[in-house]
Amino acid sequence: MTATLTIAPPLTQNHLLSLKDYTPEEIFGLLSLAAELKKPENKYLPLLQGKVLGMIFEKSSTRTRVSFEAGMLQLGGHAMYLSTRDIQMGRGETIADTARVLSGYLDGIMIRTFHQSTVQELADHSSIPVINGLTDEFHPCQVLADLLTIHEHFGSFKGKKLAYIGDGNNMANSLMIGAAKAGMDIVVAAPAAYEPAPEMIALAQRIAAETGANIYVTADPVEAVTGCDVIYTDVWASMGQEQEALERLEHFKSFQVNGQLAQHANPNFIFMHCLPAHREEEVTAEVLEGPHSVVFQQAENRLHAQKALLVALLAEK
């Protein structure tokens, strides 16, 4: 690794299961490294020469697969796509046995799955780093990219307010934790029946108490957006919730991010969405394609944030 690309501080965790396990200093270190790796002159650095990342997908993805695979290639390594249709995990072989077998072949595992317990069990029995590419509970890689994007626009997190509008899902959970770690205020606006789980709110508030951030949950989108610097939304029905889509449309119809709602934000606000987006449902095309939208910069930053994470976890210490 070149002298200008140092990981400070080094990660004390061997895995990324949730951002709650990382200190603010570790997160800021990853963001700093991501910013360095994003520079054009650092796009192709053989920091992971000869390393192999196995990517297990129980849920399909565009951004997760392409960004991890491209990132490993740009770092001189190799990424191996492992569909659960092609490996034995879930078809008779236990998660623990899969972890021990793959540990003998690979240098790291990224998994995109349903249950957080699956990622935890994989990590418990693996001798190599395990990265949570998404579960129903957390999406830490997305929030690393989100924090990188916010920092690029505002230069800091202190004194900034993020308004998340929509379902209290894995994105809401991870954004609350990420904002709390960064010392940034966050307000989640969700219908009463769809707000984040109480234990997730309590966890974020405990972290926020240490960093000076504020965590609020409301059922009023206007209250959430008023004076905010970031408006963030996600689809109303996540993967696996397709049967609930029509019912959710009725519950969430007043939570659409549109021009009228955005008028309550600060004049220089940015609009964020983890994608894919359903135009004219959770967000109008006017906002998604408007001058405040940074969704494609945000999507690109998945690559840079994850490259930093891969270097921090897989490079020779």
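Everything that follows concerns the structure shown earlier in this document.
As a starting point, this report considers the structure included with it. (Residues numbered from 1 in each chain as written. Predicted model: local features only at pLDDT ≥ 70, side-chain atom pairs only at ≥ 80, totals over all residues. Heavy atoms only, no water.)

### A word on the sheet that holds strand β9 (residues 270-273)
Phase 1: Sheet architecture is open: five strands sit in the order β7-β6-β5-β8-β9, paired in parallel fashion. The sheet is open, and its two edges are formed by β7 (215-218) and β9, each paired on a single side. For this sheet, the mean angle separating the axes of adjacent strands, direction not counted, is 20°.
Phase 2: Bridge analysis of strand β5 (residues 161-165) against strand β6 (residues 185-189) gives five bridges, and the strand direction is parallel. Note on β6: the bridge partner recorded for A163 is V187. (Pairing = 2+ DSSP bridges. Helix = DSSP H or I, 4+ residues; strand = E, 2+ residues; numbered from the N terminus. Axes fitted to C-alpha atoms, helices over the stretch in contact; angles between N-to-C directions.)

### A short note on the pattern of salt bridges
Phase 1: The tally for this structure, following the rule as stated, stands at nine salt bridges.
Phase 2: A salt bridge links D21 to K20; the shortest N-O distance between them is 3.5 Å.
Phase 3: Look at D21 and you get partly exposed, because its relative accessible area is 31%.
Phase 4: You can call K20 partly exposed: its relative accessible area is 36%. (Salt bridge = Lys/Arg side-chain N within 4 Å of Asp/Glu carboxyl O. Buried < 20%, exposed > 50% of the residue type's maximum accessible area, 1.4 Å probe, protein only.)

### Some thoughts on the pairing of strand β8 (residues 230-233)
Phase 1: Burial along β8 is two-sided: the face carrying V230 and Y232 and the face carrying I231 and T233 are both buried.
Phase 2: The pairing of β5 with β8 spans four bridges and is classified as parallel. Residue Y164 lies in a different strand from β8, and its bridge partner there is Y232.
Phase 3: Bridge count for β8 against β9 is four bridges, and the pairing is parallel. Counterpart to I231 in the pairing with β9 is F271.

### A closer look at the environment of F252
Phase 1: Looking at the element boundaries, F252 is found in helix α9 (residues 245-252).
Phase 2: Residue F252 is classed as buried on the basis of its relative accessible area, which comes to 0%.
Phase 3: With 31 residues separating them in the primary sequence, F252 and V283 have C-alpha atoms 11 Å apart.
Phase 4: Here F252 is in contact with G166, D167, P191, Y194 and W236, once residues within four sequence places are set aside. (Contact = heavy atoms within 4.5 Å.)

### Details of the packing of helix α1 (residues 24-38) against helix α5 (residues 140-154)
Phase 1: At a closest axis distance of 10 Å, the pairing of α1 and α5 adopts a crossing angle of 70°. One element, α1, and the other, α5, form an angle in the roughly perpendicular class. Across the interface between the two elements, I27, L30, L31, A34, A35 and K38 from α1 touch L144, L147, L148 and E152 from α5.
Phase 2: Here the residues of the contact of α1 with α5 sort into eight nonpolar, no polar and two charged. (Parallel < 35°, antiparallel > 145°, perpendicular 65-115°, else oblique. Nonpolar A, V, L, I, M, F, W, Y, C, P; charged D, E, K, R; others polar.)

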